Amino acid sequence: MRHLMSPLDLSVAETNELLSLAGDIEKHPEKYAHACDGKKLATCFYEPSTRTRLSFEAAMLNLGGSVLGFHSADSSSAAKGESVSDTIRVISCYADICAIRHPKEGAALVASQKSGIPVINAGDGGHQHPTQTLTDLLTIYNLKGHFDHLKIGLCGDLKFGRTVHSLINALIRYPDIEFVLVSPEELRVPSYIRTDVLEANHVPYREMEKLEDAIGDLDILYMTRVQRERFFNEEDYVRMKDFYILDKEKMRLAKPDMLVLHPLPRVNEISIEVDDDPRAVYFKQAKYGVYVRMALILTLLGINLNKL
Ligand code: NCD
């Protein structure tokens, strides 16, 4: 039985295979429409979500399966004090696969250790978000055609942004990748990402504070929201929240083929005037999330694709 806690749980070959399966699903959805007939996906969300939960549910429904679950801690027995370990033991009796989101780092891992079914980490606190990374990779692959030789700018809340941590982990496995990390001093990537991930793997990176200084030579700009829910006090959040606003003027400094990605939800960090720029691909990115999650469910359930 396999779980997905981090993008590194899939080798590069497995990741590429999964992305090509997602590509085939996009082209031939009818081929997969009954691949999960009779199977159930549980979505256990202890934190708010729109895209991740609904795209997981859409993915399972597109495969012919069904979905059950809860969308807040308040509406589950967590409100009565039940542990994640006990909850997953029980969910294992009701469903075939589970996607879990939790505010605590490591919660999905704890669940996987007690689970009788594959567990997918749909975001654990400020730690990892591997299915967003698969979505980001599919977006880059579909719209750029390759993962190597890219200069990638990550901008915003690089400290608490779990999508950023997972994406860096996944991308360093491709050749000639370079990162430009754009954040205020207080929201720099955690030091373990710098030392154990980037430096340990000899991946070139620069840290900058001004987006204007960085944007000009990027191939990809990955914008992120300041993660209000992870701040210790509201004052710090208010000080940081509008630190970056990507607008038309800044887009003028960017290459004509630079792509703007964002895991969404957006707050103020991308002005809505940028939405019409052909380089703004965040809504397409959200759509790709369904195909990768379909591919992931098929893979973790071990569905025999030759029989479809
Ligand atoms: C992200 C998350 O939950 O980490 N959202 C998502 O899953 N698309 C990003 C965010 O909330 O800022």
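This one's a predicted model, so the numbers in the text were calculated from it and none came from an experiment. (Residues numbered from 1 in each chain as written. Predicted model: local features only at pLDDT ≥ 70, side-chain atom pairs only at ≥ 80, totals over all residues. Heavy atoms only, no water.)

Chemist: Even after reading the chapter, I still don't get the layout of surface pockets, so can you show me in this structure?
Modeler: A water-sized probe rolled over the atoms picks out the places where empty space is left. The volume enclosed by the largest pocket comes to roughly 360 Å³. Elements with a contribution of two residues or more to the lining of the largest pocket: helix 2 (51–62) and helix 6 (162–171). For the lining of the largest pocket, the residue count by class is four nonpolar, nine polar and seven charged. Of the domains in this structure, domain 1 (7–128 + 287–307) and domain 2 (130–285) are the two that each give at least three residues to the lining of the largest pocket. (1 Å grid on protein atoms, 1.4 Å probe; cavity = no way out; pocket = protein on both sides within 12 Å on 5 of 7 lines; lining within 4 Å. Points joined across faces, edges and corners; volume = space filled by probe spheres on them. Helix = DSSP H or I, 4+ residues; strand = E, 2+ residues; numbered from the N terminus. Nonpolar A, V, L, I, M, F, W, Y, C, P; charged D, E, K, R; others polar. Domains from an automatic or database assignment.)

Chemist: Could you clarify how one ought to interpret the site of the ligand in this entry?
Modeler: Around the ligand, the neighbouring residues are Thr-52, Arg-101, His-129, Gln-132, Arg-162, Thr-163, Arg-225, Gln-227, Pro-263, Leu-264 and Pro-265. Within the side chain of Arg-101, an N or O atom sits 3.1 Å from an oxygen atom of the ligand. Here Arg-162 contributes a side-chain N or O atom positioned 2.8 Å from an oxygen atom of the ligand. Out of a free accessible area of 320 Å², the ligand has 94% covered by protein chains. Judged by the fraction of its atoms near the pocket grid, the ligand is located in the largest pocket. When its residues are assigned to classes, the shell around the ligand shows three nonpolar, five polar and three charged. (Near = heavy atom within 4 Å. Polar contact = N/O pair within 3.5 Å; in protein donor to acceptor, adjacent residues only side chain to side chain. Areas by Shrake-Rupley, 256 points an atom, 1.4 Å probe, with all protein chains shown as cover. Sits in = over half its atoms within 2 Å of the grid points.)

Chemist: So what exactly am I meant to see when it comes to a nonpolar patch on the surface here?
Modeler: A contiguous nonpolar patch, built from Leu-68, Val-90 and Tyr-94 and spanning about 250 Å² of accessible area, is present on the exposed surface. You can see Val-90 is positioned in helix 3 (residues 84–94). We classify Val-90 as partly exposed; its relative accessible area is 34%. (Patch = residues over 30% accessible without salt bridge, like charges linked within 9 Å, V, L, I, M, F, W, Y side chains within 5 Å. Salt bridge = Lys/Arg side-chain N within 4 Å of Asp/Glu carboxyl O. Buried < 20%, exposed > 50% of the residue type's maximum accessible area, 1.4 Å probe, protein only.)

Chemist: Looking at this structure, how should I read the packing of helix 3 against helix 4 (residues 107–114)?
Modeler: Two quantities define a packed helix pair, namely the angle between the axes and the distance from one axis to the other. Two numbers describe how helix 3 lies on helix 4: the axes approach to 8 Å, and their chain directions differ by 50°. In terms of their interaxial angle, helix 3 and helix 4 are classed as oblique. Along this stretch, helix 3 crosses helix 4, giving a crossing that reads as right-handed. Residue-level contacts link Val-84, Ser-85, Ile-88 and Arg-89 of helix 3 to Ala-107, Val-110, Ala-111 and Lys-114 of helix 4. Residue composition of the contact of helix 3 with helix 4, by class: five nonpolar, one polar and two charged. (Axes fitted to C-alpha atoms, helices over the stretch in contact; angles between N-to-C directions. Parallel < 35°, antiparallel > 145°, perpendicular 65-115°, else oblique. Left-handed = near helix turned anticlockwise from the far one by under 90°. Contact = heavy atoms within 4.5 Å.)

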